[in-house]
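Here's the letter readout for the chains.
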Protein chains: 2
Amino acid sequence: MTEPEEAISLQGAVCPIPLGHNQKIVLGHGSGGKMSHDLISRLFMPAFDNPILRAGNDAGVSEHTSGFRLAISTDSHVVSPLFFPGGDIGKLAVCGTVNDLAMMGAVPTWLTAGFILEEGLELSILERVIQSMRLAAEEANVQIIAGDTKVVQRGKADGLYINTAGVGILQPEIAIGGEKAKPGDVVIISGYIGDHGIAVLSARGELGFEANIESDTAPLNHLVSRMIKGVSIQDGTSIHVLRDPTRGGLATSLNEIAQQSNVAILIDENQIPIRTEVAAACEMLGFDPLYVANEGKLIAIVRRDSADQILYEMRHTKYGDNARIIGEVRETPQTRVLMRTTIGTTRIVDILAGELLPRIC
Amino acid sequence: MTEPEEAISLQGAVCPIPLGHNQKIVLGHGSGGKMSHDLISRLFMPAFDNPILRAGNDAGVSEHTSGFRLAISTDSHVVSPLFFPGGDIGKLAVCGTVNDLAMMGAVPTWLTAGFILEEGLELSILERVIQSMRLAAEEANVQIIAGDTKVVQRGKADGLYINTAGVGILQPEIAIGGEKAKPGDVVIISGYIGDHGIAVLSARGELGFEANIESDTAPLNHLVSRMIKGVSIQDGTSIHVLRDPTRGGLATSLNEIAQQSNVAILIDENQIPIRTEVAAACEMLGFDPLYVANEGKLIAIVRRDSADQILYEMRHTKYGDNARIIGEVRETPQTRVLMRTTIGTTRIVDILAGELLPRIC
């Protein structure tokens, strides 16, 4: 758990950890937290800078002169092990990109799949992964329309890695983005947090005890679609932000939103849904569940007067039946996430520093 | 060089090599030749089957109900070494996807970039690669609008791998595809073949002699754009096929086209442009330059009455100044590529079998 003192000392610094940790890539650069942000802001952003990338959302939204708008996104998947309770690298690769598109309010439509295979990989493993991708694509109602396969020598990969990129269609009335949270908005989470991270850890045999936790890996586009349809068209703007708290967990995603929207977010620890088994595993391992990855959950920041309707819609879907309000957006302290704890105190919740669990997705 | 006897014995079989070579992935599955095709047709196609994927082109062409058409493509890049004369993995990653889109006649517009980084990678190397991507994207006039970074432990990658996916806009009058070659068409190549493969081999120190060969890695979209504009709109259909002969080389790409269009392609060995140094390197190594990878060349199959105009346009561009006609399309023998050799005989040119050069792109 991040101590308030430590967090407060990070005066306005988005990326307090120096980029050049011995001037080499370390696992923390892939955490999705501070070090990842730092790498992106110092190396990638200056080179590729453009307004779409700068928006810093889960998918880039591009508008063509002819008027149509697309959401475009990519994710490489390196999860270890390849199979875990509730999912595998294939399901993850499809759902990860589908969800990034859905978080912009887009309708995920087309996917690409790029495979990097290690020499010696059992074909039966590849076949299982592909079948799993097929099922996930069917559920999400997306087509995989382009692919690529590369093979590297033994010891130059770890079984297989999968990149997926996706294109989604964005209707004109949709305006969802990390920069749109407004003071007074309420913060909704679609269900239990931390399941994916703990399920992967369990599959690695690193828990040291028997746990019955399944990854939440799931395509969230139908949930999002129902949320959008549930509010009338003139209220199309009542959903301000959607984000799936993957690497870096709920805490990191909320921090990103607070920074993008220049607002404060206050959450209530009592309201955050965590399964008993996940809480117990985190307790034993010294993890804060707020930082543990999810692959089938979303944060929605919505106008207060639409919250009940949106919650109603969410609870009537497969992946939103445990949705609940966990907090609200405030004006100050800008860019900060605060949490009212179970013992009644308020602490700062910082972005993930360093690496919690490598290769979780 | 493929022997005619061997090729002829492959009766109508696209993929004569059994998929399950010990039921494990071998380097040949990444060659872009027979084994890659086999893996795709037996594992990927049955699972992801849809008309766009089945078309088997460099990029998938998708049409939305509202009428706009997009070309969408992906490529993962695992080239070794990361830097070679004339390019590096970054330039390759941008150009590879730009070219796949351009080969459908689309205007490449948006790219995504997914990085898999090995722990311990020097940041200065990553920085050079990113700068190289920036320059290539500027030249191609594409925006990188979404990215992703993953880090894997030491020994689980080889420095870095890059996936790019791309989206291009397709104008209504464009109808280019591997299935559109027609008897009577002429076959054009945009310049010297085999440069990329030999340059990478040279960078690996595997040539055993000093070679002054640079990779041809280049974005070909401006060349394609000029070719399309060069023929009047009502002749928009005079460019039937465009394809960049990358992995598997000219021979493999021509075979793919002959199969997709159900035609024969006859090429003239005397007309195929090969640099003396590349020919010499191939001679010493026992390689057939027809199978050596290119990363900045295109094959164009066009209506005979437009060929002069198209050649004129090509020769007035940076990457097409050595364009020339190398053959023609015939009705029979269907799905075959034949070559009139320098000594006046005619031999069958088959698709690449097995692996020529691993990790060339």
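Rules used throughout
Residues numbered from 1 in each chain as written. Chains lettered and ligands numbered in written order. Predicted model: local features only at pLDDT ≥ 70, side-chain atom pairs only at ≥ 80, totals over all residues. Heavy atoms only, no water. Helix = DSSP H or I, 4+ residues; strand = E, 2+ residues; numbered from the N terminus. Rg over C-alpha atoms; globule rule 2.2 N^0.38 Å. Buried < 20%, exposed > 50% of the residue type's maximum accessible area, 1.4 Å probe, protein only. Contact = heavy atoms within 4.5 Å. Areas by Shrake-Rupley, 256 points an atom, 1.4 Å probe, with all protein chains shown as cover. Lys, Arg positive; Asp, Glu negative; His and termini not counted. Charge placed at Lys NZ, Arg CZ, Asp CG, Glu CD. Axes fitted to C-alpha atoms, helices over the stretch in contact; angles between N-to-C directions. Left-handed = near helix turned anticlockwise from the far one by under 90°. Nonpolar A, V, L, I, M, F, W, Y, C, P; charged D, E, K, R; others polar. Polar contact = N/O pair within 3.5 Å; in protein donor to acceptor, adjacent residues only side chain to side chain. Phe/Tyr/Trp six-rings, centres within 6.5 Å; stacked < 30°, edge-to-face > 60°. Pairing = 2+ DSSP bridges. Salt bridge = Lys/Arg side-chain N within 4 Å of Asp/Glu carboxyl O. Least-squares fit on C-alpha atoms with pLDDT ≥ 70 in both. Buried area = accessible area lost by both parts, 1.4 Å probe. pLDDT = per-residue confidence, 0-100. Disulfide = S-S within 2.5 Å.

1. Examining the overall build of chain A
Then step 1. What chain A contains, in helices and strands, is 10 helices and 14 strands.
Then step 2. By the compact-globule yardstick of 21 Å for 361 residues, chain A fits well, its C-alpha radius of gyration being 20 Å.
Then step 3. Viewed in the frame of its principal axes, chain A has a C-alpha envelope of about 55 × 50 × 45 Å.
Then step 4. Out of the 361 residues in chain A, the part that is buried amounts to 63%.
Then step 5. A separation threshold of at least 6 residues defines the contact pool for chain A, and within that pool the share at least 24 residues apart is 82%.
Then step 6. Surface accessibility of chain A: about 13,000 Å² in total, with carbon and sulfur atoms responsible for 49%.
Then step 7. The positive charge centre, built from 30 side chains, and the negative charge centre, built from 43, are 2 Å apart in chain A.

2. Things to note about the packing of helix α7 (residues 221–230) of chain A against helix α10 (residues 307–315) of chain A
Residue and element names in this part refer to chain A.
Then step 1. At a closest axis distance of 9 Å, the pairing of α7 and α10 adopts a crossing angle of 145°. Considering the relative orientation of α7 and α10, their crossing is right-handed. Counting all contacts with α7, which are made through L223, R226, M227 and G230, the residues of α10 involved are Q309, I310, E313 and M314.
Then step 2. The class makeup of the residues in the contact of α7 with α10 is 4 nonpolar, 2 polar and 2 charged.

3. A few points about the environment of D100 of chain B
Residue and element names in this part refer to chain B.
Then step 1. Relative to the assigned elements, D100 resides in helix α4 (residues 89–102).
Then step 2. For D100, a relative accessible area of 7% translates into the label buried.
Then step 3. Distance in space between the C-alpha atoms of D100 and P245 is 10 Å, their sequence separation being 145 residues.
Then step 4. Among the polar contacts listed, one links the side chain of D100 to the side chain of S73, at a separation of 3.4 Å.

4. Details of the packing of aromatic side chains
Then step 1. In this structure the tally under the stated criterion is 5 aromatic pairs over all chains.
Then step 2. The interplanar angle of 10° and the centroid separation of 3.8 Å between the aromatic rings of F68 of chain A and F68 of chain B together place this pair among those described as stacked. In this pair, F68 of chain A is assigned in the loop between β1 (60–63) and β2 (69–77) and F68 of chain B in the loop between β1 (60–63) and β2 (69–77), connecting two distinct chains. For the pair formed by F68 of chain A and F68 of chain B, the shared burial category is buried.
Then step 3. Taking 6.4 Å as the distance between ring centres and 45° as the angle between the ring planes, the aromatic pair formed by F44 of chain B and F48 of chain B counts as tilted.

5. Some remarks on the environment of R275 of chain A
All names here are of chain A.
Then step 1. With respect to the helices, strands and loops of the structure, R275 is situated in the loop between β10 (264–268) and α9 (276–285).
Then step 2. For R275 and G67, which are 208 residues apart along the polypeptide, the C-alpha to C-alpha distance reads 45 Å.
Then step 3. Once residues within four sequence positions are removed from consideration, R275 is found in contact with Y192 and D195.

6. Quick word on the pairing of strand β12 (residues 324–330) of chain B
All names here are of chain B.
Then step 1. The pairing of strand β8 (residues 186–189) with β12 spans 4 bridges and is antiparallel. Bridging from a neighbouring strand, I188 pairs with I325 of β12.
Then step 2. The pairing of strand β10 (residues 264–268) with β12 spans 4 bridges and is antiparallel. Of the residues in β12, the one forming a bridge with L266 is E328.

7. Here's the deal with the pattern of salt bridges
Then step 1. For the structure shown, the criterion picks out 42 salt bridges over all chains.
Then step 2. Note that K24 of chain B is salt-bridged to E122 of chain A, the shortest N-O span being 4.0 Å. Taken as a pair, K24 of chain B in the loop between α1 (4–8) and α2 (34–48) and E122 of chain A in the loop between β5 (107–118) and α5 (123–140) lie in two separate chains rather than in one.
Then step 3. Its salt-bridge partner being D305 of chain B, residue R303 of chain B comes within 3.1 Å of it at the nearest N-O pair.
Then step 4. Judged by its relative accessible area of 62%, D305 of chain B is exposed.

8. A short note on the side chain of S132 of chain A
Then step 1. Mapped onto the elements, S132 of chain A comes out in helix α5.
Then step 2. Accessibility expressed as a relative area gives 13% for S132 of chain A, which makes it buried.

9. Some thoughts on the relation of the copies chain B and chain A
Then step 1. Mapping chain B onto chain A calls for a rotation angle of 180° and an axial translation of 0.0 Å; the resulting RMSD is 0.0 Å. Both copies are brought into coincidence by an operation consistent with a two-fold rotation axis. Within chain B, A157 of chain B has its C-alpha nearest the rotation axis, a separation of 2.3 Å.
Then step 2. Both copies share a contact surface, since 100% of the interface residues of chain B are interface residues in chain A too.

10. Thoughts on the sheet that holds strand β6 (residues 143–152) of chain A
Sheets are built from strands that pair by backbone hydrogen bonding, the pairs being arranged parallel or antiparallel.
All names here are of chain A.
Then step 1. Strands sit in the order β1-β2-β7-β5-β6 across an open sheet of 5 strands; the sheet is mixed. Whereas interior strands pair on both sides, the edge strands pair on one side only; in this sheet they are β1 and β6. Averaged over neighbouring strand pairs, the angle between their axes works out to 20° when direction is ignored.
Then step 2. Sheet topology places β1 next to β2; 4 bridges connect them, and they run antiparallel. Bridging from a neighbouring strand, V61 pairs with A71 of β2.

11. A word on the sheet that holds strand β13 (residues 337–340) of chain B
Residues and elements named next belong to chain B.
Then step 1. The sheet built from 7 strands is open, its strands ordered β9-β11-β8-β12-β10-β13-β14 with mixed pairing. Of all strands in the sheet, those bounded by a partner on one side alone are β9 (239–243) and β14 (346–348). Each adjacent strand pair in this sheet contributes to an overall mean axis angle of 25°, direction not counted.
Then step 2. Pairing of β9 with strand β11 (residues 299–302), which is carried by 4 bridges, proceeds in the antiparallel orientation. Within the sheet, the bridge partner assigned to R243 lies in β11 and is I299.

12. As for the interface of chain B and chain A
Then step 1. Chain B puts 72 residues into the contact, and the matching count from chain A is 72 residues.
Then step 2. Across the chain B to chain A interface the summed buried area is about 6,700 Å²; carbon plus sulfur atoms make up 71%.
Then step 3. Of all residues in chain B, I25, F48 and L123 of chain B give up the largest surface area on contact with chain A, accounting jointly for 11% of the area buried on that side.
Then step 4. Connecting chain B to chain A are 8 salt bridges.
Then step 5. For the interface between chain B and chain A, the tally reads 20 residue pairs in polar contact (both at pLDDT 80 or more).
Then step 6. Secondary structure elements with two or more residues in the side of chain B that touches chain A: α2, α3 (51–54), β1, β2, β5 (107–118), α5 (123–140), β6 (143–152) and β7 (160–170) of chain B.

13. A closer look at the confidence of the model for chain A
Then step 1. For chain A, mean pLDDT is 91; residues scoring 70 or higher make up 93% of the total.
Then step 2. Here the predicted complex carries an ipTM of 0.93, next to a pTM of 0.93.

14. Focus: the state of the cysteines
All names here are of chain B.
Then step 1. A complete count under the given rule lists 0 disulfides over all chains for this structure.
Then step 2. Of the cysteine sulfurs around C361, a residue in no disulfide, the closest is that of C95, at 13 Å.
Then step 3. A residue is classified by how much of its surface remains accessible, and C361, at 5% relative accessible area, is buried.

15. Some thoughts on unusual backbone geometry
Then step 1. Between T332 of chain A and the following residue, P333 of chain A, the backbone shows a cis peptide bond with an omega angle of -5°.
Then step 2. Structurally, P333 of chain A is set in the loop between β12 (324–330) and β13 (337–340).

16. Focus: the side chain of S132 of chain B
Then step 1. Polar side-chain contacts of S132 of chain B include one of 3.3 Å to the backbone nitrogen of K91 of chain B.
Then step 2. The contact partners of S132 of chain B, leaving out residues within four places of it in the chain, are D88, G90 and K91 of chain B.

17. Brief notes about the pairing of strand β11 (residues 299–302) of chain A
Residue and element names in this part refer to chain A.
Then step 1. Burial of the side chains of β11 extends over both faces: I299 and I301 are buried on one face and A300 and V302 on the other.
Then step 2. When strand β8 (residues 186–189) meets β11, the two strands line up antiparallel, connected through 4 bridges. Each bridged residue has a counterpart across the sheet, and for I188 the counterpart in β11 is A300.

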